Every structure is written in structure tokens, then in C-alpha cells.
Amino acid sequence: MDLTLSEPYQALQAEIRDFIRVHGDKSPKVGGGRKRPDQKTLDWQKRLLEHGYVGRTIPTEYGGAGKHPDVMEAAVIASEFARASVYAGLTNQGISMLVPTLLEVGTDEQKREYVGPTIRGDMIWCQGYSEPGNGSDLANAQTKAELRDGNWIVNGQKIWTSSAHYADMMFLLCRTEPQASKHEGLSYLLLSMKSEGLDARPLKTMTGRSEFNEVFFTDVKVPETQIVLGRGKGWYVANVTLKHERLMIGDAGKMTARLEQLIKLLSTNEVDGVKLIQMPEYRDRLLRLQGEVIAWKAHNLRLLTEAAQGIESGVKRMIVKYGGTMLGFRLSSLAVDAFGDAGLTYETLGEDSEADDATTWNIDYMYDVGLMIGGGSNNIQKNIIGERGLDLPREPKAAGRV
Amino acid sequence: MDFALTLEQRQFDDSLRDFLKDRLPMERLRMLADTANGFDESLWNGMIELGLPGLLVPERFGGAGLGVLDAAVAAEALGNAAAPLAFTGSMAMAPLAFTLCASQAQQDEWLPQIAGGEVRFAVAYAGLAGQTGAASVTLDGGTLSGRIEGVMDASAATHYLVFGRDGVASVVSADDPGVSTSLRRSIDRTRPLMDVSFNGAVAERLDAANDPLAAARTVLDAGRVVLAGDTLGAAQTMLDRAVAFAKERVQFGRVIGSFQGVKYMLADCVTALEPCRGMVWYAAYAQDALPDEARLTACHAKAHVSDVARDVARMTTEAHGGMGFTDLLGLHIWFKRIGFNRQILGTPERCREEAAQLQGWTLHV
């Protein structure tokens, strides 16, 4: 065990610190997001791309820096930007999901057309996966596409589609082979959000904002070549995306940042002239969370080490989503409680405005509940942990379940 | 950066686990629990063969010269097997105390004996460790007087290493006429506690520490991390047994592990417990290499792992149904070990209070 960085990583660290010292003032504000990147963000993204701090492992012919994948380098970059509170580059579904998928299974033409604009932030993608009738059971997607005269004709409905209201493109999981089995009847299509017959309707959530959309397809035409890998390969392609997600190490940085914000909050807010941090009831909750965050950070160091060594982390990896969303919620819960009655004022003021601290924490507090549900709900996660992690038997199949 | 055990550490862990598996079958554990003094001479001698007493003794005194991380890894294996061994006090805290507090001559005298397993130290705190029982001594010239209740790892101690409230350490022989002891059975039948009275006992002061209070706390922190490792090992055994049981036990025509009620409980256990392993490693590594984080992570590791293990102990017992509540399965041995470790050397509440003081979060420091 050795937590010091070896020489090449120290050099990278020094290089980034230099970069931040020189250019840090041009960074957009950290956080926020969930809107189309503004010019300042696009300029910053371009600068990061030039230095290889984003798109680092993407081949140069597709607009990246062409470096060899190195988990430790990625961790150094992430931690240096987090440490300096400097914007570490765009994260969206196009960049973290579609791009690695295309790089693995896309055609050369698809890579050339989509990877560059996506990592530059010029092309925004949304993900057409979930449907009203099929949330957790993703492979049961019913939105269908039929091939007619060189075009896929898409009909159906998707839901929980983040950023569809400002996206340019969608990657869509749909049923093209109705006779095939559930998993083999799906295909993965790439289509423009400006297609005729496509209607994206913002879906207002409990936060008061519209983070998601419902997307309706009525005879939407998609050129035949806009398929990834081929007919019936959609489930495989969707799983390639998930496999890439595994390399993204659980977000301990976010937990640490939240804990630091919480410490500040409890050191500032008072009841009857006494700081909350000096009141045992608040303080003990904070201390318990500090203990949890230390455990979480250490767990992430284990995962990072294993990823760097190419070791499959098994159950250690499977607990990250469930454990992480629960911890996130406990952190934001204490923040909301620290605001007390003064934090009841809630003004979201639209999608783009910067909210006050109490409103921001309240949004996080509610959004954290959404995170427990999205991307495989916590109960699904517990099935995965129990069945794949602990090797417990599956629930017997219900009659009619395929 | 490499946050993993080395090959040597894994090999040592394997050999310790193999040894314990052979030596401590359930019948043997039960027998030891019934004898009530908590000392198993053959186990002790086996540990000498494995070199465990010298783990933290510097090499020039015949030890392995390893760190708290190695002790924490060994503790996990011992907790896993519910080994009745005075490891934390005699093999982890005592050698560290001599290294930090003793003069060269005192180290020359004592450390080789510790490494060889010839002496067995119980480490006792008169205050500092957050005890709720009596804990007060006075060191006057060369004699020690006072009383410390509930000393762990003391049933077969040949010597006491006593830290005063001011952090000053002294050594007292267990057979000094000024020492009187009474052994008390604890909730953990494999590990009794000792109430020790000192009445003008001859005491050798260890006076090489520049800052005795800081040294006393460093030893305490190491003890807490080692206990957290032990608790982790005990909780892991309970979880492994519950998972195995859930794959075998059939009710309503199905193995109970296929019911989501049982499955989710066990998923909750692993989700909380697995990060504790990283935490124990990190806190132990901090004792060895990250002095700025050593105190805080020790307090938190003791507190958090104890809290998680309490839940794991409860849920895994529940997963066994009625059998879990009986004496027959022996699952309660680990349940009680977790309970013992939780209260000794400072409860989670006490440890968090110390963490608050460290960060200036209290009104009265």
C-alpha cells in the first residue's frame, strides 16, 4: 500500500496545476448544467480538449488526444480539477455513453461524423431507453421501427429522456425484429431530434424543473444506415455502453465536496445564537456522515487500484450505485435540516437561473431521490448485489415472464 | 498509488487464516468460552511460531518491523475466527508503546521479550480511552497506586503497561505483591475482563516520550484501528454464514435467499460492510504514514465499523431465523465479539466526540 503518486503522475499533476494557475480564471462555474452549454463553457471545453484533459483516450482522427487509457491518469485529472474547484469539462450522455460505444462498435463513418462534435459540446445527445411500461425492464422496450424504402419508420414513446428538449440527436433502443426473442429483437438507432413526427414534451418533476421529457414518435423516418452494429444487436450495444460506465469510478469527489459544504453550513447557521456544529444533535449527524464519507473514499481508492490493475471488482463495484445514492441523500438531508424553517423558501426561478443555497440543497435533496430510481432503481441494484454479488438464487419467474 | 495489500501481506493473511481454521473449530471455541479465563496456551504458542507477537517490534529487536496496517489485517483474520487471543493489547499496542515511550535501555530489555512471546502485556488506560468504569492511578516515584476496571487482554498477562491520565506510561509486573486482580466474565465468553488494583506496586516509568500524552493517544488510536479490523472480520464471518444459510434453507418450497426480503437484507449488509474494509486499511495506513489524518481516521474507523457491524450482526442473526437465536449455531460468539469491541477503548459516541474535539467543533475542548 502506497498512497503517494509515482513520478509520471506527479508530472501530470504539476502540469495540470500549471494549467489551472494560468487559465483557471476562464473556467465556467462548477456545478449547474442540465442546459445547453453556453459559449464560455464551449470555449473552456475546447481548451481542455487541446490539452488532453478531456477526450484524452479518444483517437486523434476523431478529435481526441489519442492517449493510452490509464485509470490513474483519469483520477489525477479529476482530483486536480475538483481540488481547485475548476470546471473539469462537459459531462453528458453523448460524451460518457454514446462516444465510447461508437468507438467500440460504430462504423468509421459514424465515428467521424459524431465523435468530434459531441466531445466539443457542439452536438448534444439524449438517450432513448426507458418507456412508460418498461422502466427497470429495459430489454422489454416496445417502441418499434420498421424498415420501409430505405428508412426506419419509428413509432412509440420514450420517457425520462433527460435533455431531450435541447438535444440535437438521440440514441434510441427500439424493437426492429418483433418475431425474435426479447433481447434479440432490439436495434440501436441514431436520429436527429429535428426529425418530423418527433415530439419532445418536457416532464416537470417534483423539483419544479423539467429535467426530463417524454418523447413521442409518429412515423419518424430514420435513414437505414443510422443503425449501430446491425439489426437485432441493440441489446448488445446498450450493454457496451454499460460496460464503459464501469470504468467511471464512483463519485467520491462529489461526496467529499458535499461534506465540506455541509461542514461550512453547520459552522455558519445558528439557532438562538448557537452554531449548529456545536449542538450535539446536529454535530453527531455530521460526524456519522464524515465517517461514512471516509469509508466511501477508501472504498473508491480500492476500486481505482483494481481498475488500474485490470482486476474485476465484482460485488465491490455493484454496491456503488445503491450505497452512493443513499449516502448522497443522507448528506443533502442534513443540509436541508440545517436550514430549518429558513430553508422552506423555495424559488427555482426557471432552468437557467442560479438559485440561492437553500433552494440548491432542496433541489439536490429531491434530485437524490430521483437518482435512487434512475439508471436501475435501488431495488434493482439490490437484486444485482444479491444475485450476482452474493450468488443468491433469483426470484422464481412469474408466469408469463420471458 | 496503490491502495491494496501487497503479495506478502496477502500470503501472511492466508497462512494466519489457515492456521486459525485448523486450530479453532467451533468445539474448541466453545470449550475455551467455558474455561472462562480466555487464554489458550497452544494458540499463543502457535502465534509465536507465526511470528505474530513480533509483528510490530522493530527488526533489530527480533521482530518483523511491520506497521499498524499489518496488525489490522491480522486482526481481521482473528476476528473472522473469533480467536481468543490477547492480540490488540499484547501484540499491537504494547510494542508500539515501547517503541514510542521507552528509553533505549528499556527497549533493549523489553522488545525482544515481546517479540519472542515471552512476556504478555495488558495495556491499561487510567482515563483517555473513554472508559465508563473506574480508571485512575497515581505514579509516585517508583510506585503505582490506583484502580483500573475492565482491562482487556489481561487474563494471562505477565505485565501491565499502564498509561496515566497525563499519558505517562509505566510497567508493572503482574505478580508484584502490590497488584491484585479479579477476573470478570464478559459478554464475550472468549474474552474476559480484568479489574486491577495497584497498591504501591513497583512501577518502571517509561520516560523517553517527548510528549507523553500524544504518545499515549497514538497507542490508543492504533488499538482502536486494530479493534475495528477485528470487528470487520467478525462481521464478515456473520455475513458469510448468513449468505451460505440463505442458499440452503428451504421454506415455502424455495431457498430463502430467493426471497427479496432476505436477499435485500443481505445486500444491505454487504453494501455497508465492504467499504469498512477500505476504511480499516486507510485508517491503519494513516497510523503508519499519514500523521495528519491518523487521529481522525482512527476515531472514525472505530465508530463507523462498530456501527455497521452492529447492523450486520443483527440482520445476519435474523436471516438465520430461530436457529440464529439459539446457542446451537454459535453465531452469537461473533455477535458478542462485535459487541465487546464496540464498547472497549471508547464507544462510537466517545470516539466521535473525540473527532469533534480534534476539529474544534465543540464548545468546551
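All figures in this text were calculated on a predicted structure; none of them were measured in a lab.

Caption draft 1: Local environment of the overall build of chain A. For chain A, the count of helices and strands is 11 helices and nine strands. Rg of the C-alpha trace for chain A: 22 Å, near the compact-globule value of 21 Å for 402 residues, within the 12% margin. When each of the 402 residues of chain A is scored for burial, the buried share is 51%. Positive and negative charge centroids in chain A, built from 48 and 53 side chains respectively, lie 2 Å apart.

Caption draft 2: The arrangement of the overall build of chain B in detail. Assigned secondary structure in chain B consists of 12 helices and nine strands. Scored against the burial criterion, the 365 residues of chain B give a buried share of 61%. For chain B, the exposed surface amounts to about 13,600 Å²; the carbon and sulfur share of it is 52%. A distance of 9 Å separates the average location of the 32 positive side-chain charges in chain B from that of its 44 negative side-chain charges.

Caption draft 3: Looking closely at empty space enclosed by the protein. Residues and elements named next belong to chain B. Applying the stated criterion to the full structure yields two cavities of 30 Å³ or more. Empty space within the largest cavity amounts to approximately 140 Å³. Together, 17 residues line the largest cavity, and Gly38, Leu85, Ala86, Asp153 and Ser155 are the ones closest to its centre. Tallied by class, residues from the lining of the largest cavity come to nine nonpolar, four polar and four charged. In this model, the second largest cavity occupies a volume close to 40 Å³. Its residues assigned to classes, the lining of the second largest cavity shows six nonpolar, two polar and one charged.

Caption draft 4: Local environment of the interface of chain A and chain B. Listed by partner, the interface residues are 46 residues for chain A and 46 residues for chain B. The largest contributions to the chain A side of the interface with chain B come from Met1, Leu3 and Arg302 of chain A, which together make up 19% of the buried area. Between the two partners, chain A and chain B, sit seven salt bridges. Our count for the contact surface shared by chain A and chain B stands at 19 residue pairs in polar contact (both at pLDDT 80 or more). The set of elements that each furnish at least two residues to the side of chain A that touches chain B consists of α8 (280-308), α9 (315-339) and α11 (378-389) of chain A.

Caption draft 5: Expanded view of the side chain of His304 of chain B. Secondary-structure assignment places His304 of chain B in helix α9 (residues 291-319). For His304 of chain B, the residues in contact, after removing those within four places along its chain, are Gly291, Glu292 and Ala295 of chain A together with Cys276 and Met279 of chain B.

Caption draft 6: Highlighting the nonpolar core. All names here are of chain B. Core analysis: the biggest nonpolar cluster contains 87 residues, and Leu20, Met47, Leu52, Leu85, Phe87 and Leu266 have the highest contact counts within it. Tallying contributions element by element places helix α8 (residues 260-289) first for this core, with 16 residues. Not counting chain neighbours up to four residues away, the residues in contact with Phe87 comprise Leu52, Leu55, Ala71, Ala74, Ala75, Leu78, Ala92, Asp153 and Val226. Counting residues in each nonpolar core, the second largest holds 34 residues, with Phe163, Ala216, Val219 and Leu227 among its members.

Caption draft 7: Here's a closer look at helix α11 (residues 332-343) of chain B. All names here are of chain B. Helix length check: α11 (12 residues) gives 17 Å between terminal C-alpha atoms against 16 Å at 1.5 Å per residue, within 8%. Listing the buried residues of α11 in full gives His332, Ile333, Trp334, Arg337, Ile338, Phe340, Asn341 and Arg342. Where the residues of α11 are buried, they touch α2 (26-35), α4 (68-80), β7 (193-206), α7 (212-248), α9 and α12 (348-358). Phi turns positive, to about 60°, at Leu345, one or two residues after α11.

Caption draft 8: Main features of the domain arrangement of chain A. Considered domain by domain, chain A is made up of domain 1 (7-91), domain 2 (125-234) and domain 3 (249-389). Computed over C-alpha atoms only, the centres of domain 1 of chain A and domain 2 of chain A are separated by 31 Å.

Caption draft 9: Spotlight on the layout of surface pockets. Taken as a whole, the second largest pocket spans an internal volume of roughly 590 Å³. Among the elements of the structure, α8 and α9 of chain A together with α8 and α9 of chain B are those that each provide at least two residues to the lining of the second largest pocket. For the lining of the second largest pocket, the element with the most residues is α9 of chain B, which contributes eight residues. Looking at the lining of the second largest pocket residue by residue, the class counts come to 12 nonpolar, five polar and seven charged.

Caption draft 10: Highlighting the packing of aromatic side chains. All chains considered together, the criterion is met by 19 aromatic pairs over all chains. Both rings, one in Trp160 of chain A and one in Phe212 of chain A, keep their centres 5.7 Å apart while their planes meet at 85°; by these two values the pair is edge-to-face. Of the two residues, Trp160 of chain A sits in the loop between β3 (151-159) and β4 (169-175) while Phe212 of chain A sits in strand β7 (residues 212-223), which places them 52 residues apart along the sequence. Summarising the aromatic geometry, the rings of Phe3 of chain B and Tyr282 of chain B are spaced 6.3 Å apart at their centres and angled 50° between planes, so their arrangement reads as tilted.

Caption draft 11: Main features of the pattern of salt bridges. According to the stated counting rule, one finds 47 salt bridges over all chains in the structure shown. Across the pair Lys263 of chain B and Glu387 of chain A runs a salt bridge, and its minimum N-O distance is 2.6 Å. Taken together, the residues span two chains, with Lys263 of chain B in helix α8 and Glu387 of chain A in helix α11. On the accessibility criterion, Lys263 of chain B (0% relative accessible area) is buried. For the salt bridge of Glu354 of chain B with Arg350 of chain B, the shortest nitrogen-to-oxygen distance reads 2.8 Å. You can see Glu354 of chain B and its partner Arg350 of chain B sitting in helix α12, four residues apart, about one turn around the helix. Given the relative accessible area of 31%, Arg350 of chain B is considered partly exposed. It is possible to trace a salt-bridge network through shared partners that takes in Asp284 and Arg288 of chain A together with Asp307, Arg342, Glu349 and Arg352 of chain B.

Caption draft 12: Structural view of helix α7 (residues 252-268) of chain A. All names here are of chain A. Under the 1.5 Å per step criterion, the end-to-end length of α7 is 24 Å for 17 residues, consistent within 8% with the ideal 24 Å. When we look at burial in α7, the residues that qualify are Ala252, Met255, Arg258, Leu259, Leu262, Ile263, Leu265 and Leu266. Buried residues in α7, looked at end-on, bunch into an arc of 165°, giving them a common side. For α7, exposure combined with an orientation more than 90 degrees from the buried face picks out Lys264 and Thr268. The inward-facing, buried residues of α7 contact β9 (274-275), α8, α9 and α10 (357-373).

Caption draft 13: Region of interest: the confidence of the model for chain B. Scored by pLDDT, chain B comes out at a mean of 96, with 99% of its residues at no less than 70. As scored by the predictor, the complex reaches a pTM of 0.92 and an ipTM of 0.96.

Caption draft 14: Layout of unusual backbone geometry. All names here are of chain A. In this model, Asp219 sits at a positive phi of 50°, which is unusual for a non-glycine residue. Here Asp219 shows up in strand β7. A positive phi is found at Asp391, a non-glycine position, where the angle reads about 65°.

Caption draft 15: Here's a closer look at the environment of Ile77 of chain A. All names here are of chain A. On the secondary structure map, Ile77 appears in helix α3 (residues 71-83). What makes Ile77 buried here is its relative accessible area of 7%. Each residue touching Ile77, except ones within four places of it in the same chain, is listed here: Leu12, Ile16, Gly52, Tyr53 and Arg56.

Cut-offs applied
- Residues numbered from 1 in each chain as written.
- Chains lettered and ligands numbered in written order.
- Predicted model: local features only at pLDDT ≥ 70, side-chain atom pairs only at ≥ 80, totals over all residues.
- Heavy atoms only, no water.
- Helix = DSSP H or I, 4+ residues; strand = E, 2+ residues; numbered from the N terminus.
- Rg over C-alpha atoms; globule rule 2.2 N^0.38 Å.
- Buried < 20%, exposed > 50% of the residue type's maximum accessible area, 1.4 Å probe, protein only.
- Lys, Arg positive; Asp, Glu negative; His and termini not counted.
- Charge placed at Lys NZ, Arg CZ, Asp CG, Glu CD.
- Areas by Shrake-Rupley, 256 points an atom, 1.4 Å probe, with all protein chains shown as cover.
- 1 Å grid on protein atoms, 1.4 Å probe; cavity = no way out; pocket = protein on both sides within 12 Å on 5 of 7 lines; lining within 4 Å.
- Points joined across faces, edges and corners; volume = space filled by probe spheres on them.
- Nonpolar A, V, L, I, M, F, W, Y, C, P; charged D, E, K, R; others polar.
- Contact = heavy atoms within 4.5 Å.
- Buried area = accessible area lost by both parts, 1.4 Å probe.
- Salt bridge = Lys/Arg side-chain N within 4 Å of Asp/Glu carboxyl O.
- Polar contact = N/O pair within 3.5 Å; in protein donor to acceptor, adjacent residues only side chain to side chain.
- Core = buried A, V, L, I, M, F, W, Y, C linked by side-chain atoms within 4.5 Å.
- Expected span 1.5 Å × (residues − 1).
- Domains from an automatic or database assignment.
- Phe/Tyr/Trp six-rings, centres within 6.5 Å; stacked < 30°, edge-to-face > 60°.
- Arc of directions from axis to C-beta.
- pLDDT = per-residue confidence, 0-100.

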